[in-house]
Amino acid sequence: MKPVQEAFHLLETPKNIFITTHHKPDGDAIGSMLGLYHYLVKKGHTVVPVSPSAVPEFLMWMPGVEELMNFEAEQKKCIDALNKAEVIFCLDFNDFSRVKYMEPHLAAAKAPKIPLDHHMFPKPVWDYGTSQPDKSSTCEMVYDFINQHGGNAIIDIPIATCLYTGVMTDTGSFRFPITTASVHEMIADLKHRGLEHSKIHEEVYDSWTTNRMRFIGYMLIERMEIFPQWGAGLITVSRKDLSLFELSIGDTEGLVNYPLSIAGIRFATLITERSDEVKMSFRSKGDFDVNKFAREHFSGGGHFNASGGRSSESFSQTVTRFKQILSDIHPR
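Criteria and thresholds
- Residues numbered from 1 in each chain as written.
- Predicted model: local features only at pLDDT ≥ 70, side-chain atom pairs only at ≥ 80, totals over all residues.
- Heavy atoms only, no water.
- Salt bridge = Lys/Arg side-chain N within 4 Å of Asp/Glu carboxyl O.
- Buried < 20%, exposed > 50% of the residue type's maximum accessible area, 1.4 Å probe, protein only.
- Helix = DSSP H or I, 4+ residues; strand = E, 2+ residues; numbered from the N terminus.
- Core = buried A, V, L, I, M, F, W, Y, C linked by side-chain atoms within 4.5 Å.
- Contact = heavy atoms within 4.5 Å.
- Pairing = 2+ DSSP bridges.

### As for the pattern of salt bridges
1) Next: Throughout the structure, instances matching the rule amount to 17 salt bridges.
2) Next: For Glu140, the salt bridge identified is with Lys135, shortest N-O distance 3.2 Å. In terms of burial, Glu140 and Lys135 fall into one category: buried.
3) Next: A salt bridge links Lys323 to Glu225; its shortest N-O distance comes to 3.0 Å. Linking Lys323 in helix α11 (residues 315–329) with Glu225 in strand β8 (residues 224–227), this pair joins segments that are 98 residues apart in sequence.

Below you can see the structure in the form of structure tokens.
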């Protein structure tokens, strides 16, 4: 993979550009896509942003979200745009499998593919790009990309809003260790441009439905298990639980973090039963490497303190196996 700066010549004249991110996108995925979308449009390019699946409800307020296409709902249009693309940006993932149903089409596309990503162990399938696990978020990397491209002066409120959203959500509102000095310097720059950060926080964190609030309470009372001898917490969500509360896409976001608020808990896991597989989220504090844990046991990966995984076993089998692994490795 060549350095991303060597791809700048591709952007010297107006191009058809395709931007995508990972399946089941979060705040950093959508924020980075839309932030880069707004920037490239301002530079004169024709840009098509495509999410591999639906945008979570809590992000539907973001500037430019109406321009996003959902691959699962508009496959033909998305494939046509992908085939017409002269440049492809891939944000917040480093493996084609992360786009799920779009994978064969993305892999076959002829245009240069440029990842901007902060996950470990990128697959060797890219033309240009950058992979920086020491970065807080892909949104921070898009900000860096804009600066390297000489575009800092045209960062406006829509771009700033999108990038702030992703950094805020991926750093746990700036409390995770990955929140470096460069993150605060970036936020200061965006604030000097007139960014109203409190409104973004309200949109993301203070706009829950009653059902979501009741669901969280139910999960903490009925579905959370704490293993103090191992410094671990587990929350399990069945399909029945999801249907009982009529949840919207994204309503389980952040649920995995709750056990980490308990004194002595250093490792938290969320196991969610989906229609086609069992999904897992892992979070940790300190020196327990959940990226290694996810890779070794649940076909996943991500970051040192935040990773994901999946299981092809049944929901109950996955929960049982997880507890057995937990007792074997003693993560504390």
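### Focus on the nonpolar core
One broad trend across soluble globular proteins is that nonpolar side chains are buried collectively.
1) Next: With 47 residues, the main nonpolar core has Ile19, Leu36, Leu40, Phe89, Phe145 and Leu190 as its most contacted residues.
2) Next: Where this core is concerned, the elements lending two or more residues are β2 (16–20), α1 (27–42), β5 (87–91), β6 (113–117), α4 (138–148), α5 (157–170), α6 (181–192) and α7 (197–205).
3) Next: Ignoring any residue separated from it by four or fewer positions in sequence, one finds Leu190 in contact with Tyr143, Ile155, Ala160, Tyr164 and Leu195.

### Describing the sheet that holds strand β7 (residues 128–131)
1) Next: With parallel pairing, the seven strands of this open sheet are ordered in space as β1-β7-β6-β5-β2-β3-β4. At either end of the open sheet lies a strand with only one pairing partner, and these are β1 (2–3) and β4 (69–70).
2) Next: Bridge count between β5 and β6: four bridges; the pairing is parallel. Bridge pairing in β6 places Cys90 opposite Pro115.

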